[in-house]
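Working through the structure, step by step
Here are the chains, one letter per residue:
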Amino acid sequence: MQKIKPDLNLGSNLRRLRMERGITQEALSAKLGVMGIDLSRGTYSRYETGELNVPVSVLVALHTIYRCTYDEFFKGLELPTL
């Protein structure tokens, strides 16, 4: 059986953006629900911890909620150089 390698983790940036705006995971899940994205607090928590990859639809919704650039989601993430 092949082990799946983890991808780059956006979680710390998602957490930073949420905390900077003083929003709880529960409140954020509710805001996403209003936008048509049915997402539990537990699932969102797993995005922040890097356990799950974040769907593009969630990033688009967070971009709207946070009023940030998409670059903020990827801040500090780089692939290793050869």
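Before reading further, recall that the structure is shown in the block above.
Notes on the structure in this doc start here. (Residues numbered from 1 in each chain as written. Predicted model: local features only at pLDDT ≥ 70, side-chain atom pairs only at ≥ 80, totals over all residues. Heavy atoms only, no water.)

**Re the overall build of the protein**
- When helices and strands are tallied, the protein shows 5 helices and 0 strands.
- Along the first, second and third principal axes, the C-alpha atoms of the protein reach 40 × 30 × 20 Å.
- Going through the 82 residues of the protein one by one, you find that 32% of them count as buried.
- Sequence-distant contacts in the protein: of pairs separated by 6 or more residues, those separated by 24 or more amount to 60%. (Helix = DSSP H or I, 4+ residues; strand = E, 2+ residues; numbered from the N terminus. Buried < 20%, exposed > 50% of the residue type's maximum accessible area, 1.4 Å probe, protein only. Contact = heavy atoms within 4.5 Å.)

**Considering the nonpolar core**
- Grouped together as the largest cluster of nonpolar side chains are 19 residues, with contacts concentrated most on Leu14, Leu28, Leu32, Tyr44, Leu62, Tyr66 and Phe73.
- Secondary-structure elements contributing two or more residues to this core are helix H1 (11-20), helix H2 (25-34), helix H3 (41-48) and helix H4 (56-66).
- No other element matches H4, which puts 6 residues into this core.
- Contact partners of Leu32, with chain neighbours within four places excluded, come to Ile37, Leu39, Ala61, Leu62 and Ile65. (Core = buried A, V, L, I, M, F, W, Y, C linked by side-chain atoms within 4.5 Å.)

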